[in-house]
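Observations on the three-dimensional arrangement
Below are the chains, spelled out letter by letter.
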Amino acid sequence: MKEFKAILDACKKVDFAERRAALATVVKVRGSSYRSPGARMLITDDGRWVGSISGGCLEGDALRKARQVMTDRIPLTVTYDTSEESNQNLGIGLGCNGIIDVLIEPVDPTDEKNPVGFYEQIAALQVPVALATIFAAEDAGLVGKKLLLSEDGHKPHNFFDGTLEAIVTPHLEKLFESKKSQAITFDVKGKAVEVFTELIQPSTSLILFGGGFDARPVTQLAKSLGWEVTVTDECVAHIAPLFFPNADKLSLCQRDFVDRDFVITPYTACVLMSHNYTYDRDVLRKLLRTETPYIGILGPRKRFDKMLVEFEKEGLTLTPEDFHRIHSPIGLDIGAEAPDEIAVSIIAEIQGKFTNRSGGFLKYRQGPIHHRDATSDQVFKQVYLNSPDGTKKTATHK
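Residues numbered from 1 in each chain as written. Predicted model: local features only at pLDDT ≥ 70, side-chain atom pairs only at ≥ 80, totals over all residues. Heavy atoms only, no water.

Between two aromatic rings, the relevant description is the distance of the centres plus the angle of the planes. In total, this model carries 5 aromatic pairs according to the counting rule given. Measuring from ring centre to ring centre gives 6.0 Å for F209 and F262, while their planes differ by 80°; the resulting arrangement is edge-to-face. Placement of F209 in strand β11 (residues 205-209) and of F262 in the loop between α6 (258-261) and β14 (268-272) is noted, with a sequence separation of 53 residues between them. Residue class for F209 comes out buried when judged on its relative accessible area of 0%. When the centroid spacing of 6.0 Å and the interplanar angle of 70° are considered together, the rings of F361 and Y364 count as edge-to-face. This pair shows no difference in class: F361 is exposed, exactly as Y364 is. Pairwise contacts between aromatic rings join F4, F118 and Y119 into one cluster. Directly above the aromatic system of Y119 lies the positively charged group of R40, at a separation of 4.4 Å from the ring centroid. (Phe/Tyr/Trp six-rings, centres within 6.5 Å; stacked < 30°, edge-to-face > 60°. Helix = DSSP H or I, 4+ residues; strand = E, 2+ residues; numbered from the N terminus. Buried < 20%, exposed > 50% of the residue type's maximum accessible area, 1.4 Å probe, protein only. Lys NZ or Arg CZ within 6 Å of the ring centre and 35° of its normal.)

What follows is about the domain arrangement of the protein. Splitting the protein by domain gives domain 1 (1-108), domain 2 (126-202) and domain 3 (205-355). Of note, the centres of domain 1 and domain 3, computed from C-alpha atoms alone, are 38 Å apart. (Domains from an automatic or database assignment.)

Turning our eyes to something else, we now look at the pairing of strand β1 (residues 21-31). Among the 11 residues that make up β1, 10 are buried, leaving the element largely enclosed by the rest of the structure. Across 5 bridges, β1 lies against strand β2 (residues 40-44) in antiparallel orientation. Pairing of A22 across the sheet is with I43, part of β2. (Pairing = 2+ DSSP bridges.)

This part covers the environment of F262. Residue F262 is classed as buried on the basis of its relative accessible area, which comes to 8%. When residues no more than four places from it in sequence are discounted, the contact partners of F262 are I207, F209, T230, T232, S251 and C253. (Contact = heavy atoms within 4.5 Å.)

Before going further, it helps to examine the pairing of β2. Taking burial as the measure, the 5 residues of β2 include 5 buried ones, the bulk of the element. Neither face of β2 is left uncovered, since the one carrying R40, L42 and T44 and the one carrying M41 and I43 both have all their residues buried. Across 3 bridges, the pairing between β2 and strand β3 (residues 49-51) is antiparallel. Across the sheet, M41 pairs through a bridge with G51, a residue of β3.

Read across the open sheet, the 5 strands follow the order β3-β2-β1-β5-β4; overall the sheet is antiparallel. The open sheet is flanked by β3 and β4 (76-81), the only strands paired with a single partner. Strand-to-strand twist of the sheet, defined as the mean angle between neighbouring strand axes without regard to direction, takes the value 20°. Of the strands in this sheet, β1, β2, β3, β4 and β5 (98-107) touch helix α2 (residues 59-72), which is tilted by about 60° from β2. Set on the sheet, helix α3 (residues 115-125) makes contact with β1, β2 and β5; between it and β5 the angle comes to about 95°. (Axes fitted to C-alpha atoms, helices over the stretch in contact; angles between N-to-C directions.)

Further remarks concern the UniProt feature "domain: XdhC Rossmann" (unreviewed entry) in the protein. Residues annotated by UniProt as "domain: XdhC Rossmann" (unreviewed entry) correspond here to residues 206-350. Across residues 206-350, the secondary structure splits into 39% helix and 19% strand, with the terminal C-alpha atoms separated by 9 Å. (UniProt positions renumbered as here; feature names shortened; annotations may be inferred.)

Moving on, we get to the pattern of salt bridges. With the rule as written, the count across this model stands at 26 salt bridges. For the salt bridge of D46 with R48, the shortest nitrogen-to-oxygen distance reads 3.4 Å. E314 is the partner of R285 in a salt bridge, and the nearest nitrogen-oxygen pair spans 2.8 Å. Of this pair, R285 sits in helix α7 (residues 277-287) while E314 sits in the loop between α8 (301-313) and β16 (316-317), placing them 29 residues apart in sequence. The partly exposed category is assigned to E314, whose relative accessible area is 37%. Members of the salt-bridge network, linked through shared partners, are E234, R255, R281, D282, R285, E310 and E314. (Salt bridge = Lys/Arg side-chain N within 4 Å of Asp/Glu carboxyl O.)

For R325, the position within the fold is in helix α9 (residues 320-325). Residue classification places R325 among the buried positions, given a relative accessible area of 3%. A distance of 3.0 Å separates a polar atom in the side chain of R325 from the backbone oxygen of T290. In this structure the side chain of R325 is engaged in a polar contact, spanning 2.9 Å, whose partner is the side chain of D322. (Polar contact = N/O pair within 3.5 Å; in protein donor to acceptor, adjacent residues only side chain to side chain.)

In this fold, P109 is placed in the loop between β5 and α3. Overall, the relative accessible area of 49% leaves P109 in the partly exposed class. On a C-alpha basis, the gap between P109 and A343 in space is 40 Å, while along the polypeptide they are 234 residues apart. Those residues in contact with P109 that lie beyond four places of it in its chain are F16 and N114.

Now the structure itself:
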């Protein structure tokens with residue numbers, strides 16, 4: 001989402017009276033690639049770009065192709081075969097062992113089908129949406145057309161004809177469960193139409209409960225990833241703007257009003273790092289009633305064990321799902337000691353949680369780094385999973 005926002009911000013600064021622009025999107029990958037489907041890059045005709053579609057090897061050629069799109073104002077899908085050690089078309093040895101399809105669309109603020117303006121509206125919704133984009137079809141006029149579906153079945157934008165809409169919509173509906181962004185080929189009246197189906201989720205947000213000195217590097221690192229960061233404490237001296245210049249919000253909030261003052265969603269990570277046992281315990285009790293998928297508690301395991309004993313005495317029973325989302329001690333095991341190192345450990349664990357990865361050395365991973373379909377060898381993007389079995393369970397009182 002950081003890249004998403006960077007592209008939107010950059011587009012707002014373009015003077016379209018003087019400049020032209022195009023948006024490049026990775027829509028399909030077979031084999032290996034540096035970026036997964038959904039990676040985007042905004043290109044302007046002065047040779048600048050924001051975002052990326054690879055590790056730098058494809059951007060130069062994409063820029064050249066984008067100039068054609070800016071001139072013709074017609075979307076174009078380019079296929080890059082990086083499986084060869086020496087790609088004569090690109091003039092550079094790539095050897096990434098993948099085939100990558102990139103859709104390049106003209107950016108025109110006056111056009112209702114302007115892709116960047118379209119994505120700006122998506123970002124403002126702050127809810128998960130499923131998006132279908134045609135990137136290959138016998139009828140070239142279909143390329144670039146989009147269908148947007150919200151989880152409640154509403155279609156804010158629909159540039160598909162009736163037949164295509166009826167075929168694609170059921171697949172978009174399933175995206176809210178599978179959360180699997182990938183390209184799908186549809187048979188429409190005997191003609192193949194390739195569509196990139198994508199689940200776009202809201203920004204990750206992070207709430208830090210406790211404004212100590214060790215919360216500062218956590219805030220800085222989270223903001224570098226484009227997350228929305230809130231720091232809250234019961235002591236006003238702990239949340240001075242001087243200490244957290246990058247935070248989106250500083251909140252003086254008593255523990256009893258946590259559920260009133262904060263909107264905590266399935267895309268919100270919560271970290272307890274106040275160094276105050278009773279505060280952490282009381283806030284945890286509140287967080288157990290929310291939809292947050294991640295609750296990290298700074299400190300030794302025995303602090304959490306003590307909380308469990310007290311909860312049990314008051315009749316509060318934690319479910320298996322609660323134990324799955326509570327991380328105590330917090331962070332990945334990387335030997336962190338200093339505050340900056342601990343921040344890396346915490347942020348890395350949250351990133352792993354929201355991408356359904358457990359951490360660890362990639363050299364020991366069995367299989368490809370990116371999610372890949374075993375049958376088609378197509379790379380797909382798997383976004384945040386709400387819970388192992390897709391259900392939500394909360395702590396209960398006896």
